Every structure is written in C-alpha cells, then in structure tokens.
Amino acid sequence: MNTVLAVHGSPRGERSHTRRLAEVFLQAWQTANPQGHLTRREVGRGHLPHVSEAFIAAAFYPQPEARPLSMQADLALSDELVAELLGHSRLVIAAPMHNFSVPSGIKAWVDHIVRLGLTFNTLQDSGVAQYQPLVQGKKVLIVTSRGGGGFGPGGEHEAMNHADRWLRTALGFIGIENVTVVAAEGEESESEGFQRSCAEAQQRLLALAQTF
Ligand SMILES: Cc1cc2nc3c(=O)[nH]c(=O)nc-3n(C[C@H](O)[C@H](O)[C@H](O)COP(=O)(O)O)c2cc1C
C-alpha cells in the first residue's frame, strides 16, 4: 500500500493556491486509496531551522557511528525528517514560486533531508568525489503556483525558474527521479487566465490521483 508524505511550503493559509490544489489532489488520492496512509508536514507556516554551524559539524562528522551525544542532538530534527521521507513511498510537495525559487521553508526542508550517509554517499575515486544517491522507489508530485507566467517547459521565462526545476535537481541528487510538476500560472495577472490555469491544474491533479 502506498503512503503519501505531503510537504506544504506556502506561508499562506487559506489563501494559498498551492495548498488548495494539493488538498484537491490529496482528497482524490485518499478516496482512490482508502487504506493509504497520508502524513502532512508543514514547513511554510511552522518554523523549520536553517542549517547551522553545529548542524554542519555533526552531519559531516568523520565517524558518524561515534558522534558525540551533543552532535546527535543537533541532528535530531534532520533525522526525523529523513526518517519521515524514507517511511513514505510517495511525496507531494506544495511549493509556490518565491523570487524565482522556492519558499525558504522548502529550502530548509531540503537542506535537512539531503544527508550524507542517509540519503546520499560520497565515494572517493582517484581523489575526486563521486556522489551516490541512496533513496530508491519514490514518486513525487510538485504542485506549484506562480504570480507570473511562462516559467514552464519551453516558456519564455523557463531559464528564470529556479523553483520546481531546482527541486528536481536536489531530489535527483538523492535518487528521486520520478517527478511530476503541476503548475498554475498568472495569479498576479487578470483573474480569468489564472482561474483557467487553476482549473487545468485541478483536472490534471484529479487524473494523477487515480494512479499515484
Ligand atoms: C515573497 C514572494 C515572492 C514571489 N516571487 C515570485 C516570483 O519570483 N515569480 C512569480 O511568478 N511569482 C512570485 N510570487 C507570487 C507567488 O508565486 C504566487 O502568489 C503564488 O500563488 C503563491 O503561492 P501560494 O498561493 O500557495 O502562497 C511571489 C510571492 C511572494 C509572496
């Protein structure tokens, strides 16, 4: 049975379009998979700490199996987030575009789950670091919303999209390659175009929920 971890990154609550679209998908998925387990992780409205010096020292400690207790404590939240990710077969990330990238809560979450020895490894080959992804078998849906338009594949602003495209790169680094993006565009333009974009996104999400 598939399990879904839904990560919500918008700082907005009821006014959030990514939150609303993701919930449309999640409800349809839950109806199609009544036994399926769903977990929600809030990173947009709760405070997720940024990576700190203590975190870096602990995460890259040369002998992870002998980490001092204080270092283990510095990694406790990260350990929890990694275990949560690994404990689900499916991932839904609701991530609006903020300044051509993702909101800082999503960035912080990624910084916590890209972990040496847990989700990727480094191999030394003739002194040159090679990276080995450790996560397998996950499927990801990214639900995004953008104030402007043309950020999708082939769009005039595609090169300025460092949001879902960056997420693909970071997830691919740890081994998650099966990623689908559903976007609504034009929230800051005339409302009819955005409503049409949302309706199209919603149709895609309802269809995807049947096979996710
Ligand atoms: C801080 C901030 C930065 C934003 N930066 C961009 C941007 O770079 N490009 C864009 O098209 N829209 C941008 N927007 C608009 C959001 O992408 C848009 O409002 C989206 O619907 C927000 O998602 P949400 O409704 O789930 O919060 C920005 C909004 C905020 C609040």
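Residues numbered from 1 in each chain as written. Predicted model: local features only at pLDDT ≥ 70, side-chain atom pairs only at ≥ 80, totals over all residues. Heavy atoms only, no water.

Re the sheet that holds strand β7 (residues 178-185)
- Spatially, five strands are ordered β2-β1-β3-β6-β7 in an open sheet, and the strand pairing comes out parallel. This sheet does not close on itself; its edge strands, each paired only once, are β2 (37-42) and β7. Looking at each pair of strands side by side, their axes are set apart by 15 degrees on average, direction ignored.
- In the sheet, strand β3 (residues 90-94) pairs with strand β6 (residues 139-146) via five bridges, with the strands oriented parallel. Note on β6: the bridge partner recorded for L91 is V140.
- Sitting on the sheet, helix α1 (residues 17-32) is in contact with β1 (3-8), β2, β3, β6 and β7, with an inclination near 170 degrees to β1.
- Running over the sheet, helix α4 (residues 76-86) touches β1, β2 and β3 and is turned about 150 degrees from β2. (Pairing = 2+ DSSP bridges. Helix = DSSP H or I, 4+ residues; strand = E, 2+ residues; numbered from the N terminus. Axes fitted to C-alpha atoms, helices over the stretch in contact; angles between N-to-C directions. Contact = heavy atoms within 4.5 Å.)

Quick look at the nonpolar core
- In this structure, L91, I93, I106, W109, V140 and L167 are the most contacted members of the largest nonpolar core, which totals 30 residues.
- Here the element with the most residues in this core is helix α5 (residues 104-113); it accounts for five residues.
- Beyond its immediate chain neighbours, meaning those up to four positions away, I93 contacts V7, I106, W109, V140, L141, I142, V143, L167 and L171.
- Counting residues in hydrophobic clusters, the runner-up holds 21 residues, among them A28, V92, A94 and V182. (Core = buried A, V, L, I, M, F, W, Y, C linked by side-chain atoms within 4.5 Å. Buried < 20%, exposed > 50% of the residue type's maximum accessible area, 1.4 Å probe, protein only.)

Here's the deal with the environment of L141
- Note on placement: L141 falls in strand β6.
- Residue L141 is classed as buried on the basis of its relative accessible area of 1%.
- Taking the C-alpha atoms as reference points, L141 and V181, separated by 40 residues in sequence, lie 5.9 Å from one another.
- Setting aside residues up to four positions removed in sequence, L141 forms contacts with F25, L91, V92, I93, T180, V182, L205, L208 and F212.

Notes on α1
- Taking 1.5 Å per residue, 16 residues should reach 22 Å; α1 reaches 23 Å between its end C-alpha atoms and fits that length.
- When α1 is considered as a whole, its buried residues turn out to be H17, T18, R19, L21, A22, F25, L26, A28 and W29.
- In the core, the buried residues of α1 are packed alongside β1, β2, β3, β6, β7 and α7 (191-209). (Expected span 1.5 Å × (residues − 1).)

Considerations on the site of the ligand
- Inspection of the region around the ligand gives 18 residues, with S10, S16, T18, M97 and E187 positioned closest.
- G147 is positioned such that a nitrogen or oxygen atom in its backbone is 3.0 Å from a nitrogen atom of the ligand.
- Elements that contribute at least two residues to the shell around the ligand include exactly α1 and β6.
- For the shell around the ligand, a count of residues per class yields four nonpolar, nine polar and five charged. (Near = heavy atom within 4 Å. Polar contact = N/O pair within 3.5 Å; in protein donor to acceptor, adjacent residues only side chain to side chain. Nonpolar A, V, L, I, M, F, W, Y, C, P; charged D, E, K, R; others polar.)

Topic: the pattern of salt bridges
- A complete count under the given rule lists 10 salt bridges for this structure.
- A salt bridge links R19 to E42, with the nearest nitrogen and oxygen atoms 2.8 Å apart. Of the two residues, R19 sits in helix α1 while E42 sits in strand β2, which places them 23 residues apart along the sequence.
- For the salt bridge of R41 with E80, the shortest nitrogen-to-oxygen distance reads 2.9 Å. A residue pair is termed long-range when its members are at least 10 positions apart, and R41 in strand β2 and E80 in helix α4 qualify at 39 residues.
- Residue E80 is classed as partly exposed on the basis of its relative accessible area of 43%.
- Through salt bridges with shared partners, a single ionic network connects R41, E80 and E84. (Salt bridge = Lys/Arg side-chain N within 4 Å of Asp/Glu carboxyl O.)

Some points on the environment of K138
- For K138, the position within the fold is in the loop between β5 (128-133) and β6.
- Separated by 43 residues in the primary sequence, K138 and A95 have C-alpha atoms spaced 18 Å apart.
- Residues contacting K138, with those up to four places away along its chain left out, are L85, L86, H88, S89, I176 and N178.

Observations regarding α7
- Between its terminal C-alpha atoms α7 stretches 26 Å, which fits the 27 Å expected from 19 residues at 1.5 Å a residue.
- When we look at burial in α7, the residues that qualify are G193, F194, S197, C198, A201, L205 and A209. Buried residues in α7, looked at end-on, bunch into an arc of 140 degrees, giving them a common side. Facing away from the buried side of α7 by over 90 degrees, the exposed positions are E192, Q195, E200 and Q203. (Arc of directions from axis to C-beta.)

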